[in-house]
Each structure stands twice: as C-alpha cells, then as structure tokens.
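Letter by letter, the chains look like this.
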2 protein chains.
Amino acid sequence: MRSASFDRAEVIGKITDAFWENGYEATSIGVLEGAAGLKRQSLYNAFGNKDAMFEIALGYYETEVSMSLLDALADDDPLTAIATFFATQAATLLDPSRPSGCLVAGGQQELANRDGELGERMSGLIGEQYDALVAAFERWRDAGKLTDDADPQDLAAIMMAQMRGQSVLGRSARGRALIECSAKAMPGLFERYLA
Amino acid sequence: MRSASFDRAEVIGKITDAFWENGYEATSIGVLEGAAGLKRQSLYNAFGNKDAMFEIALGYYETEVSMSLLDALADDDPLTAIATFFATQAATLLDPSRPSGCLVAGGQQELANRDGELGERMSGLIGEQYDALVAAFERWRDAGKLTDDADPQDLAAIMMAQMRGQSVLGRSARGRALIECSAKAMPGLFERYLA
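Residues numbered from 1 in each chain as written. Chains lettered and ligands numbered in written order. Predicted model: local features only at pLDDT ≥ 70, side-chain atom pairs only at ≥ 80, totals over all residues. Heavy atoms only, no water.

**Some remarks on the relation of the copies chain A and chain B**
For the pair chain A and chain B, the best superposition has an RMSD of 0.0 Å and corresponds to a rotation of 180° with a translation of 0.0 Å parallel to the axis. Such a combination of turn and shift is consistent with a two-fold rotation axis. Identified as the residue of chain A closest to the rotation axis by C-alpha distance is Gly165(A), at 1.8 Å. Taken as a fraction of all interface residues of chain A, those also at the interface in chain B reach 100%, which identifies the copy contact as same-surface. (Least-squares fit on C-alpha atoms with pLDDT ≥ 70 in both. Contact = heavy atoms within 4.5 Å.)

What follows is the structure, encoded as structure tokens:
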C-alpha cells in the first residue's frame, strides 16, 4: 500500500469546511472530492466513507473551533464569562475566512433526530455542552455570585438555545446582523440573577 | 387533462411534514412520493418541482404553525407576551403528533447561505419575524413598560436567536428536555428591562 501523497491535516481542514458550509446532506462525495482535491478512492482509503469523514470533521471542528467557547466559562465572574462566551461565539460566526454558521448546530438540525450512530453523536454533543454550562452556573451560585432563585439548569438551557440560534442566524447576511446585537445584550439579561 | 384524484390540502400537509422531519436536502422526490402516496408525475403536475413543493410547504407551515407565535406579541404586557411566545413555541416543538424541530429553522440552516430564490426566501423570513419583534418592544417601550436602557433591536435579536436555537434543540430527545427550561426561564431574564 502506497502512502498518500497529501497533507492529511490540510485535507481534514478542507473536508470540515465543506460539511460546515454545505451541511451534511448536500455534501456529496463529489463535493468532498472537489474540496479535498482528491479522487474518491483516495478519500475512502484515507478516511473511510462519508459518515466517517463527517465524524473526523466534527472532531477537528471541536478541537479547532468550539473548545475555546467553553473555556470562557472558567472565569470566576459570571458576567465576564457570559460576555466572553458570546463574544467568542460571535467572533467565530462573523469570521469572514470561515464558512457560515456552525458545524455542530447544522449537524444537530440535520441529523440529531435520526436513528443510528451519527444521530446519537449529534444528540450527545448537546449533553456535553449543557453539562459544562450547568456546572459553571452551579460553581458561580456556590461561590455566592448568583441570587438564590437562579436555576443553573434553566440558565444553562437558555445559553444553549441562544448559542444554537445564533449559529442558525449566522447562515445568512440578514441573520448575521442580529448576532452582534444578541451577543452584546445577553450579559445584561443575566444581571437579573447576579447576587 | 384529468383532475387529480386526491385531497390537495391533505397532500400539502404530508409534503410539509416530510420536509419538516427530514430537512430540505434529505427529502428526495422519492421521499415525497412515499409521504404523499402519489407518483412523481402526479406531484409535479399538481405542485411543480421539489423547490416549488418546499415553497408550498413553507406557506402551509407559516399559516398553520408559526403565525400563532407572533400573535402572542399583541399583549400589552411584555412579560405576559414573552411568556406566551415561548410557551407557544415550546408547545409546538414538544407536540408528539408533529415532526421534530421547525421547518423554518431547518430551512434557514440548510438554505439561507445559498444563492438563488430559496436562499433569499429563507433569509428574508428572518427579517419578517425580527421586524415584528422589534415593533413589539418599541410599542412596550413607548407605552412606558420598559426601562430607558431597553434596546428593542437587541432584545428582539435575543428572542430570534432563542427561538431558532430551541428549534434546533427540538430535533433530539436530549435537546427537547432543555426547551421547557429555557421557555420557563426566559420571561424572568426580561424582568431586568421592565419599567
């Protein structure tokens, strides 16, 4: 077996961008061939089938893009953390060098209601991000930073939905105009629950 | 030309459900044939091509499902309106007799970044809903119901993103568990801006 004559990391980046821009369904093997500049047999040999390539893209996306979002939650001040969280999200969604929207939000819209591994995976990602958000609100509450009536699960659910919705809005120019407004105004809403 | 021997309204409902459940891309003509119980030539004759059927589904969805959401904004009390808005949205998303998620959110995720009529249409729907939300917040502010620092555009953007994000969460059982939490807690966040 000959070793592949391409830069694996670079091709993974291109595969990720193709799924990110077009969505799972619209990204045919033909689209992936074009994006990667490789014949389908080379793609299959190197990465497996379309679902395997989508999995690889998700892993790449999580490491390169979405990890930094949850990093914002480490701040001890909830208002700073929430502001950084949404500023980071807005910067990603409004970065003109990147595809529009969010690979995870798109995958959850297209696949999370399906049976099978990919559906499970997209659905499972909700749990991981939600748990990190709940843990952050619990930490702030336990540190006396939040009012007694602040419910970590409810507030985390609002953060999750806001983040996903911004990603959908990020798919069009008209929607992108709303992302900065909502990112800027979200911390203000949470003032209600600051101790 | 023979007249079609099927109930047009019933078939439109089935076509809408197919796009709603599977998304635009995954709903092939074969899927539409199965959903409608009609051969493709009958579908084409009655409704036009796949894009035309998606347009018809959108119109049906707006009339039957998403209209009532904006009706909630007519209330003179912003807190009641916001609570009704999110309760209506949650009831739609959690209705077990309906497909999961939201046809408009799905269409915006899949199509709003594309050139052409369907992309324009999905992107344009953001403007319609956003304008209705901005108008409601302006009305409440002018009636002295909101604080001076309440920005109708920012608050409307947050409502838009929250609504779209809930729709994405609605695509999986794990996400659906978060919808009631966020719907219940959203009005509380807006207390910050009540006069």
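There's plenty left to go through after this.
**Some points on the packing of aromatic side chains**
Residue and element names in this part refer to chain A. On inspection of all chains with the given rule, the structure shows 16 aromatic pairs over all chains. Between the aromatic rings of Phe6 and Phe47, the centroid separation amounts to 6.2 Å while the plane-to-plane angle is 40°, which identifies the pairing as tilted. Taken together, the residues Phe6 in the segment before helix H1 (8-22) and Phe47 in helix H3 (residues 40-47) connect sequence positions 41 residues apart. Linked through ring pairs, Phe19, Tyr24 and Phe54 together constitute an aromatic cluster. (Phe/Tyr/Trp six-rings, centres within 6.5 Å; stacked < 30°, edge-to-face > 60°. Helix = DSSP H or I, 4+ residues; strand = E, 2+ residues; numbered from the N terminus.)

**A short note on the interface of chain A and chain B**
Between chain A and chain B, the contact holds 49 residues from the first and 49 residues from the second. Considering only the surface of chain A that becomes buried against chain B, Gln109(A), Arg171(A) and Leu189(A) emerge as the three largest contributors, covering 18% of it. At the boundary of chain A with chain B, the tally comes to 4 salt bridges. When the shortest N-O distance is used, the salt bridge between Glu191(A) and Arg192(B) registers 2.9 Å. Counting every contact that joins chain A to chain B gives 12 residue pairs in polar contact (both at pLDDT 80 or more). Elements with a minimum of two residues in the side of chain A that touches chain B: H1, helix H6 (103-111), helix H7 (117-142), helix H8 (152-169) and helix H9 (173-190) of chain A. (Buried area = accessible area lost by both parts, 1.4 Å probe. Salt bridge = Lys/Arg side-chain N within 4 Å of Asp/Glu carboxyl O. Polar contact = N/O pair within 3.5 Å; in protein donor to acceptor, adjacent residues only side chain to side chain.)

**What to know about the pattern of salt bridges**
On inspection of all chains with the given rule, the structure shows 19 salt bridges over all chains. Of the charged contacts in the structure, one is a salt bridge between Glu25(B) and Arg114(B), with a shortest N-O distance of 2.7 Å. You can see Glu25(B) sitting in the loop between helix H1 (8-22) and helix H2 (29-36) and its partner Arg114(B) sitting in the loop between helix H6 (103-111) and helix H7 (117-142), a full 89 residues away along the chain. Residue Glu25(B) is classed as partly exposed on the basis of its relative accessible area, which comes to 22%. The exposure class assigned to Arg114(B) is partly exposed, which follows from its relative accessible area of 28%. Because the salt bridges share partners, they merge into one network encompassing Glu55(A), Glu62(A) and Arg121(A). (Buried < 20%, exposed > 50% of the residue type's maximum accessible area, 1.4 Å probe, protein only.)

**Focus: helix H5 (residues 78-93) of chain A**
Residue and element names in this part refer to chain A. Between its first and last C-alpha, H5 extends 22 Å over 16 residues, near the 22 Å set by a 1.5 Å rise per residue. Pro78, Ala81, Ile82, Phe85, Phe86, Gln89, Ala90, Thr92 and Leu93 are the residues of H5 that are buried. Seen from one end, H5 has its buried residues packed into an arc of 165°, which puts them on one side. Looking at the buried positions of H5, the neighbouring elements they touch are helix H4 (50-71), H7, H8 and H9. (Expected span 1.5 Å × (residues − 1). Arc of directions from axis to C-beta.)

**A few points about the nonpolar core**
Core analysis: the biggest nonpolar cluster contains 72 residues, and Phe85(A), Phe137(A), Phe190(A), Phe85(B), Phe137(B) and Phe190(B) have the highest contact counts within it. At the level of secondary structure, the elements contributing two or more residues to this core comprise H5, H7, H8 and H9 of chain A together with helix H5 (78-93), H7, helix H8 (152-169) and helix H9 (173-190) of chain B. Excluding anything up to four places from it in sequence, Phe85(B) contacts Leu69(B), Leu70(B), Ala72(B), Leu73(B), Leu133(B), Met159(B) and Met163(B). (Core = buried A, V, L, I, M, F, W, Y, C linked by side-chain atoms within 4.5 Å.)

**Describing the confidence of the model for chain A**
Residues and elements named next belong to chain A. On average, residues of chain A carry a pLDDT of 94, and 98% of them reach 70 or more. Within chain A, the element-level pLDDT minimum falls on H4, averaging 92, and the maximum on helix H2 (residues 29-36), averaging 98. Scored by ipTM, the complex comes to 0.94, with pTM at 0.95. (pLDDT = per-residue confidence, 0-100.)

**What about the packing of helix H4 (residues 50-71) of chain B against H5(B)?**
All names here are of chain B. Direction vectors running N to C along H4 and H5 enclose 160°, while the axes themselves pass 8 Å from each other. For the element pair H4 / H5, the angle class is roughly antiparallel. H5 is crossed by H4, and the crossing has right-handed handedness. Where H4 abuts H5, its residues Val65, Ser68, Leu69 and Leu70 lie against Phe85, Thr88, Gln89 and Thr92. (Axes fitted to C-alpha atoms, helices over the stretch in contact; angles between N-to-C directions. Parallel < 35°, antiparallel > 145°, perpendicular 65-115°, else oblique. Left-handed = near helix turned anticlockwise from the far one by under 90°.)

**With respect to the packing of H1(A) against H2(A)**
Residue and element names in this part refer to chain A. Between H1 and H2, the shortest axis-to-axis distance is 9 Å and the interhelical angle comes to 135°. Comparing their axes, H2 and H1 come out oblique. Classified by chirality, the crossing of H2 by H1 is right-handed. For the pair H1 and H2, the contacting residues are Val11, Lys14, Ile15, Ala18, Phe19 and Asn22 in the first and Val31, Leu32, Ala35 and Ala36 in the second. When its residues are assigned to classes, the contact of H1 with H2 shows 8 nonpolar, 1 polar and 1 charged. (Nonpolar A, V, L, I, M, F, W, Y, C, P; charged D, E, K, R; others polar.)

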